[in-house]
Amino acid sequence: MNVIMDKSKNELIIKRRRKKRIKNSILLLLLLISILVTLCLKLDYFNINNIEVSGNRNIPKNEIIKLSSIENGNNIFYTNLKKARTNIKSNPYIQSVDIKRQLPSTLQINVVERDAYFYGMDPGGRYVVVDNEGVVLEIRKEINNMKLLKIQGFDFSKAKVSKTLPVDDQRKIKLLGTFAGLLKADKSGLTLSIIDISNLLDIKMYYGNICVKLGNSEDIENKVNKAVNIIIDNKLKDSKGYIDVSYQGNPVFYIEK
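Residues numbered from 1 in each chain as written. Predicted model: local features only at pLDDT ≥ 70, side-chain atom pairs only at ≥ 80, totals over all residues. Heavy atoms only, no water.

On a plain count of helices and strands, the protein chain comes out with five helices and twelve strands. Every one of the 257 residues in the protein chain was classed for burial, and the buried ones make up 33%. Counted over contacts in the protein chain with a minimum sequence separation of 6, partners at least 24 positions apart contribute 49%. Total accessible area on the protein chain is roughly 16700 Å²; 51% of this is exposed by carbon and sulfur atoms. (Helix = DSSP H or I, 4+ residues; strand = E, 2+ residues; numbered from the N terminus. Buried < 20%, exposed > 50% of the residue type's maximum accessible area, 1.4 Å probe, protein only. Contact = heavy atoms within 4.5 Å. Areas by Shrake-Rupley, 256 points an atom, 1.4 Å probe, with all protein chains shown as cover.)

It is worth spelling out a nonpolar patch on the surface at this point. Together, Ile22, Ile26, Leu27, Leu29, Leu30 and Ile33 make up a nonpolar patch on the protein surface, roughly 560 Å² of accessible area in all. The topology assignment puts Ile22 in helix H1 (residues 2-42). (Patch = residues over 30% accessible without salt bridge, like charges linked within 9 Å, V, L, I, M, F, W, Y side chains within 5 Å. Salt bridge = Lys/Arg side-chain N within 4 Å of Asp/Glu carboxyl O.)

The next subject is the pattern of salt bridges. Taken as a whole and assessed by the stated rule, the structure comprises ten salt bridges. Taking the shortest distance from any N to any O, the salt bridge between Arg126 and Asp122 comes out at 2.8 Å. Judged by its relative accessible area of 9%, Asp122 falls in the buried class. Measuring nitrogen to oxygen at the nearest pair gives 3.3 Å for the salt bridge that ties Asp168 to Lys172.

We now examine the side chain of Ser105. Position of Ser105 among the secondary structure elements: in the loop between strand E2 (94-102) and strand E3 (106-113). The exposure class assigned to Ser105 is buried, which follows from its relative accessible area of 10%. Discounting chain neighbours no more than four positions away, the residues touching Ser105 are Tyr45, Asn47, Ile48, Asn49, Asn50 and Ile76.

Core analysis: the largest hydrophobic core is formed by 38 residues, its most contacted members being Phe118, Phe179, Ile195, Met205, Tyr207, Leu214 and Val224. Looking at this core, the elements that each hand over two or more residues are strand E4 (116-121), strand E5 (127-131), strand E7 (149-152), helix H4 (171-185), strand E9 (203-207), strand E10 (210-215) and helix H5 (220-233). Filtering out sequence-adjacent residues up to four positions away, Val224 remains in contact with Phe179, Leu182, Met205, Tyr207 and Leu214. Residues Phe46, Leu81, Val97 and Leu107 belong to the second largest nonpolar core, which totals 25 residues. (Core = buried A, V, L, I, M, F, W, Y, C linked by side-chain atoms within 4.5 Å.)

Turning our eyes to something else, we now look at unusual backbone geometry. Look at the link from Leu103 to Pro104: it is a cis peptide, with omega at 10°. Despite not being glycine, Ser69 shows a phi value in the positive range, around 65°. In this structure, Ser69 sits in the loop between helix H2 (61-68) and helix H3 (81-88). Of the residues examined, Ser69 reaches a relative accessible area of 53% and is grouped as exposed.

A few words on the environment of Ile64. Positionally, Ile64 belongs in helix H2. When the C-alpha positions of Ile64 and Asn110 are compared, they lie 10.0 Å apart, and in sequence the two are 46 residues distant. Each residue touching Ile64, except ones within four places of it in the same chain, is listed here: Val53, Asn56, Ile59, Ile88, Ile109 and Val111.

Two elements in contact, H2 and H3, have axes whose closest approach is 7 Å; the angle formed by their N-to-C orientations is 125°. Between H2 and H3, the crossing angle belongs to the class labelled oblique. Our pair here, H2 against H3, has a crossing hand that is right-handed. Each of Ile64, Leu67 and Ser68 in H2 lies in contact with H3, whose residues at this interface are Ala84, Asn87 and Ile88. Considering only residue class, the contact of H2 with H3 consists of four nonpolar, two polar and no charged. (Axes fitted to C-alpha atoms, helices over the stretch in contact; angles between N-to-C directions. Parallel < 35°, antiparallel > 145°, perpendicular 65-115°, else oblique. Left-handed = near helix turned anticlockwise from the far one by under 90°. Nonpolar A, V, L, I, M, F, W, Y, C, P; charged D, E, K, R; others polar.)

Written as structure tokens, this is what we have:
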């Protein structure tokens, strides 16, 4: 009986010692982590001395760094990356931001910029610059040296920078993306001047004095290609008239003499 009791007592002592060792190990680990964290936050070794910016095409590197409010000498661990991303995205031309720490002392900022494709006029005669998603990038007095396409069919009086243009039908925003894609891929050499989507059943686009009647939003790309081929094949670049590709079948066009 005593043997059994001694064995149970020994096992209990062993368990207590094991628990104590585990507890001490955890405390030591926490102490080491605390020391490591303190060193990381205090040592100059982890101070930022290089900020890299990539993905920017139009916005200067220095402007992006300035927007971030991050400076050389800041501790790389103390730096609030979430706040820096928010600050950078305050620029309407910035679509997204990714910031990564590269230890010990480098921050990598990668941005994706929005491209300006369109413009409209507000009641004050100012130019409302818009991207392919209908986001207002800026409102300015002139657009010299900016290759933008005029759009009609939106209420530009309510346009706000960084906000999507207010619309009565979301299909208009989708059409902006379609036309932006066509502009990006265009190699015709023709200059598209106006897109009018005031009426989604009677969409129009203008190449100079040539009005292209597209009808509704179905099969837009094919309709535009037909119109472009007619203008090029018939050498109508400097003519005045219209081309109707709004229906199935052979397109109709009329040119003033």
